[in-house]
Amino acid sequence: NKLDKPNRWESQQARWPNLFMCPNCWREDHSWDESDVFDHLHSLYWSGDPSYIKIQSNDIGSAVVGGASSRGIGLRWKISGIIFVVVAVLMWLSSSKNGRRDSGKRKK
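In every chain, residue numbers begin from 1 and rise along the written sequence. For this predicted model, a pLDDT threshold of at least 70 governs which residues receive local features, and a threshold of 80 or more governs which side-chain atom pairs are given and counted, while totals over whole chains, interfaces and linings are taken from all residues. To get the side-chain values, all heavy atoms of the structure are used, and hydrogens and water are removed first.

Describing the side chain of Asn18
- Numbering of helices and strands starts at the N terminus; helices are DSSP runs of H or I of at least 4 residues and strands are runs of E of at least 2. Secondary-structure assignment places Asn18 in the loop between helix 1 (8–14) and helix 2 (34–45).
- If sequence neighbours within four positions are ignored, Asn18 has contacts with Gln12, Gln13 and Trp26. We call two residues in contact when some of their heavy atoms are within 4.5 Å.

Focus on the state of the cysteines
- The disulfide definition used here is simple: a pair of cysteine sulfur atoms within 2.5 Å. Counted by the stated rule, this structure contains one disulfide.
- Here Cys22 engages in a disulfide with Cys25; their sulfurs sit 1.8 Å apart. Across the S-S bond linking Cys22 and Cys25, the dihedral sits near 70 degrees, which makes this disulfide right-handed.
- A relative accessible area of 7% places Cys22 in the buried class. Residue burial is assigned from relative accessible area. The probe radius is 1.4 Å, only protein chains are included, and a residue is buried under 20% of its type maximum, exposed over 50%, and partly exposed in between.

Details of unusual backbone geometry
- Of the consecutive residues Trp16 and Pro17, the connecting peptide bond is found in the cis state with omega at -5 degrees.
- Checked against the element boundaries, Pro17 lands in the loop between helix 1 and helix 2.
- Positive phi, normally seen in glycine, also occurs at His30, with a value near 70 degrees.
- Mapped onto the elements of the fold, His30 is located in the loop between helix 1 and helix 2.

Let's talk about the packing of aromatic side chains
- Each aromatic pair joins two rings of Phe, Tyr and Trp (for Trp, the six-membered one) with centres within 6.5 Å, and gets the label stacked for planes under 30 degrees apart, edge-to-face for over 60, and tilted for any other angle. Per the counting criterion, the structure on display carries one aromatic pair.
- Geometrically, the ring pair formed by Trp26 and Trp32 is tilted, given 5.5 Å between the ring centres and 40 degrees between the ring planes.
- Exposure remark for Trp26: the relative accessible area of 11% places this residue in the buried category.
- Given a relative accessible area of 40%, Trp32 falls into the partly exposed group.

Describing the confidence of the model for the protein
- Looking at any residue, its pLDDT shows the predictor's confidence there, from 0 to 100. The share of residues in the protein with pLDDT of 70 or more is 63%, and the mean pLDDT across the chain is 75.
- Of all secondary-structure elements in the protein, the lowest mean pLDDT belongs to strand 1 (residues 64–65), at 48, while helix 2 reaches the highest, 87.
- Contacts from residues 63–68, a stretch scored under 50 in pLDDT, to residues over four places away or in other chains number six contacts.

Some thoughts on the pattern of salt bridges
- Should a side-chain nitrogen of Lys or Arg be within 4 Å of a carboxyl oxygen of Asp or Glu, the pair is scored as a salt bridge. Considering all chains together, one arrives at two salt bridges under this definition.
- When the shortest N-O distance is used, the salt bridge between Arg27 and Asp33 registers 4.0 Å.
- The exposure class of Arg27 is partly exposed, given its relative accessible area of 38%.
- In this structure, the salt-bridge partner of Arg27 is Glu34, at a minimum N-O distance of 3.2 Å.
- The exposure class assigned to Glu34 is exposed, which follows from its relative accessible area of 53%.

Quick look at the structure:
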């Protein structure tokens, strides 16, 4: 079975948004009208205008995420980082001392 080549209507319907979803998105020559396509996409996927979203600068430091302030979370990460570095340095020092003992360069 050979598949027939799609006709003009089928070809246009395979494009998105199709003619039935957004008739204003298409020109007479079957090309997109970019501004109408943008308006269509905006109406489908954008629920609000970002200009209405405002964050007060004094609210940023006191934002609560998971029951802890954002400032507290930053302090926890800093302390965790310091502990990690200290443990890593201690492990490196421990392994370098063991390496010197097992190097075979002992005096007789």
